[in-house]
Amino acid sequence: MRDFTPSHDLNSLPRLSSLKDQARRLRAGLGANGNAISHSRALELVAAQHGFKDWNTLHAALGNRVGPERLKPGARVTGAYLGQPFSARVLGVQALTSAPGNYRVSLDLDEAVDVVTFDSFSSFRKRVNGVIGETGASRERTSNGRPQLELSWS
């Protein structure tokens, strides 16, 4: 067993729900053979199987896993927010364990964008937060059907 280090390929780990299912199956299988263990012990064994010192370390590592490998803090991205084009620096990325394949991103736009389309009123934003899928687009849409947030990275 080893401690979590950045050398782990977090994107190759199964999803949290799959690891929990694995622990349930392990517990049931051992119990059926007369070797009953607690659920927490099964979680610890699953963590050890994947090279982590304990379940909490594995769980924390999965929470820090990001989708597209190049989308990480400090990375440069371009895209559109509410239809307004931008370029930005990524401030943070967090995998959503409650919605696998989705990521909360925080962006610092190079130049503020106007998020209001009304001619006599403006509202500028320089910081943007949103949830995107693996493709870089948000599930939420504007009234014209376009994703609220669209990212591309290189």
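Residues numbered from 1 in each chain as written. Predicted model: local features only at pLDDT ≥ 70, side-chain atom pairs only at ≥ 80, totals over all residues. Heavy atoms only, no water.

A word on the overall build of the chain
Here is step 1: Helices and strands together make up the secondary structure of the chain, namely three helices and five strands.
Here is step 2: Traced from its N-terminal end to its C-terminal end, the chain shows the element sequence α-α-α-β-β-β-β-β.
Here is step 3: Out of the 154 residues in the chain, the part that is buried amounts to 36%.
Here is step 4: Counting contacts in the chain only where the partners sit at least 6 residues apart, residues at least 24 apart contribute 46% of the total.
Here is step 5: Surface exposure of the chain reaches about 9,200 Å², of which carbon and sulfur atoms provide 47%. (Helix = DSSP H or I, 4+ residues; strand = E, 2+ residues; numbered from the N terminus. Buried < 20%, exposed > 50% of the residue type's maximum accessible area, 1.4 Å probe, protein only. Contact = heavy atoms within 4.5 Å. Areas by Shrake-Rupley, 256 points an atom, 1.4 Å probe, with all protein chains shown as cover.)

A look at the nonpolar core
Here is step 1: Judged by nonpolar contacts, the single largest core of 19 residues is most densely connected at Leu71, Val77, Phe86, Leu107, Leu149 and Leu151.
Here is step 2: Of all elements in the fold, only β1 (76-81), β2 (84-95), β3 (103-114), β4 (124-132) and β5 (149-153) reach the threshold of two or more residues within this core.
Here is step 3: Leu16, Ala23, Leu43 and Leu58 belong to the second largest nonpolar core, which has 13 residues in total. (Core = buried A, V, L, I, M, F, W, Y, C linked by side-chain atoms within 4.5 Å.)

What about the pairing of β1?
Here is step 1: Judged from the six bridges that link them, β1 and β2 form a sheet pairing that is antiparallel. Bridge pairing in β2 places tyrosine 81 opposite glutamine 84.
Here is step 2: If you look at the hairpin formed by β1 and β2, you'll find two residues sitting between the two strands, and leucine 82 has a positive phi there, around 50 degrees. (Pairing = 2+ DSSP bridges.)

Examining the pattern of salt bridges
Here is step 1: Tallying each qualifying case throughout the model produces six salt bridges.
Here is step 2: A salt bridge links arginine 146 to glutamate 150, with the shortest nitrogen-to-oxygen separation between them at 2.6 Å.
Here is step 3: Using a relative accessible area of 23% as the deciding quantity, one classes glutamate 150 as partly exposed.
Here is step 4: Through salt bridges with shared partners, a single network forms among Arg89, Asp108, Lys126 and Arg127. (Salt bridge = Lys/Arg side-chain N within 4 Å of Asp/Glu carboxyl O.)

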